[in-house]
Amino acid sequence: MNTKPEYIPGTCNIGPAEIKARRNVAIISAIISVVLIAVLIILHADKPWRLLLFFPATSVGVGFQQWYFEFCVAFGLKGIFNFGDIGSSYSVEQKEYFQKDRMKAWRMISMGILFGLFITTLFYILPV
């Protein structure tokens, strides 16, 4: 059984070091989201300020997917992959593989935006 990660078009385009970086982005974005919510509630900020939550919440949505699916959206859009050290990358040569990666990346971005909209809407209508 091969346990070494490998590039799979539209499925997996990053290895352990890159996955760890995406995990950290998701966690930091979640912390920023919680802190922002707390600050806005404590300051009794006007409701329009709550819309700022969209940005870190969307980052949580995209970052979590990148961590979970082991797929970097930026790499997918650029047509590259990396299973080595952070900073190195290799080009996707086959056009059909690149198309699969782009489709996966856009689906993940769309789901991240929907997550950000959902969380922001919930916070906006919250009667606090």
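These numbers come from a predicted model, not from an experiment.

**Focus on the environment of Leu 53**
Okay, so step 1: When you line up the elements, Leu 53 lands in the loop between helix H1 (16–42) and helix H2 (54–69).
Okay, so step 2: Along the backbone, Leu 53 and Gly 116 are 63 residues apart, and their C-alpha atoms lie at a distance of 7.7 Å.
Okay, so step 3: Apart from residues no more than four positions distant in its own chain, Leu 53 is found in contact with Ser 33, Leu 36, Ile 37, Ile 119, Thr 120 and Phe 123.

**Overview of a nonpolar patch on the surface**
Okay, so step 1: Judged by side-chain polarity, Ile 27, Ile 31, Val 35, Val 39, Ile 42, Leu 43, Phe 64, Trp 67, Tyr 68 and Phe 69 come together as a nonpolar surface patch covering roughly 990 Å² of accessible area.
Okay, so step 2: Broken down by secondary-structure element, the contributors of at least two residues to the nonpolar patch are H1 and H2.
Okay, so step 3: No other element matches the 5 residues that H1 contributes to the nonpolar patch.

**Description of the state of the cysteines**
Chemically, a disulfide is nothing more than a covalent bond linking the sulfur atoms of two cysteines.
Okay, so step 1: Tallied over the full model, the rule gives 0 disulfides.
Okay, so step 2: No disulfide involves Cys 12; its sulfur sits 11 Å from the nearest other cysteine sulfur, which is in Cys 72.
Okay, so step 3: Judged by relative accessible area, which is 3%, Cys 72 ranks as buried.

**Let's talk about the packing of aromatic side chains**
Okay, so step 1: This model, assessed by the stated rule, comprises 8 aromatic pairs.
Okay, so step 2: Each ring, one from Tyr 7 and one from Phe 81, has its centre 4.6 Å from the other, and the planes form 20°; the classification is stacked. Separated by 74 residues along the polypeptide, Tyr 7 in the segment before H1 and Phe 81 in strand S1 (residues 80–81) bring together distant segments of the chain. You'll find Tyr 7 and Phe 81 in the same group, each marked buried.
Okay, so step 3: With a centroid separation of 6.2 Å and an interplanar angle of 55°, the aromatic rings of Phe 81 and Phe 83 are classed as tilted.
Okay, so step 4: Through a chain of ring-to-ring contacts, three or more aromatic side chains come together here, namely Tyr 7, Phe 81, Phe 83, Tyr 90 and Tyr 97.
Okay, so step 5: Taking NZ or CZ as reference, Lys 47 lies 5.4 Å from the ring centre of Tyr 124, over its face.
Okay, so step 6: The positively charged end of Lys 104 is found above the aromatic ring belonging to Phe 69, 4.1 Å away from the centroid.

Conventions and cut-offs
Residues numbered from 1 in each chain as written. Predicted model: local features only at pLDDT ≥ 70, side-chain atom pairs only at ≥ 80, totals over all residues. Heavy atoms only, no water. Helix = DSSP H or I, 4+ residues; strand = E, 2+ residues; numbered from the N terminus. Contact = heavy atoms within 4.5 Å. Patch = residues over 30% accessible without salt bridge, like charges linked within 9 Å, V, L, I, M, F, W, Y side chains within 5 Å. Areas by Shrake-Rupley, 256 points an atom, 1.4 Å probe, with all protein chains shown as cover. Salt bridge = Lys/Arg side-chain N within 4 Å of Asp/Glu carboxyl O. Disulfide = S-S within 2.5 Å. Buried < 20%, exposed > 50% of the residue type's maximum accessible area, 1.4 Å probe, protein only. Phe/Tyr/Trp six-rings, centres within 6.5 Å; stacked < 30°, edge-to-face > 60°. Lys NZ or Arg CZ within 6 Å of the ring centre and 35° of its normal.

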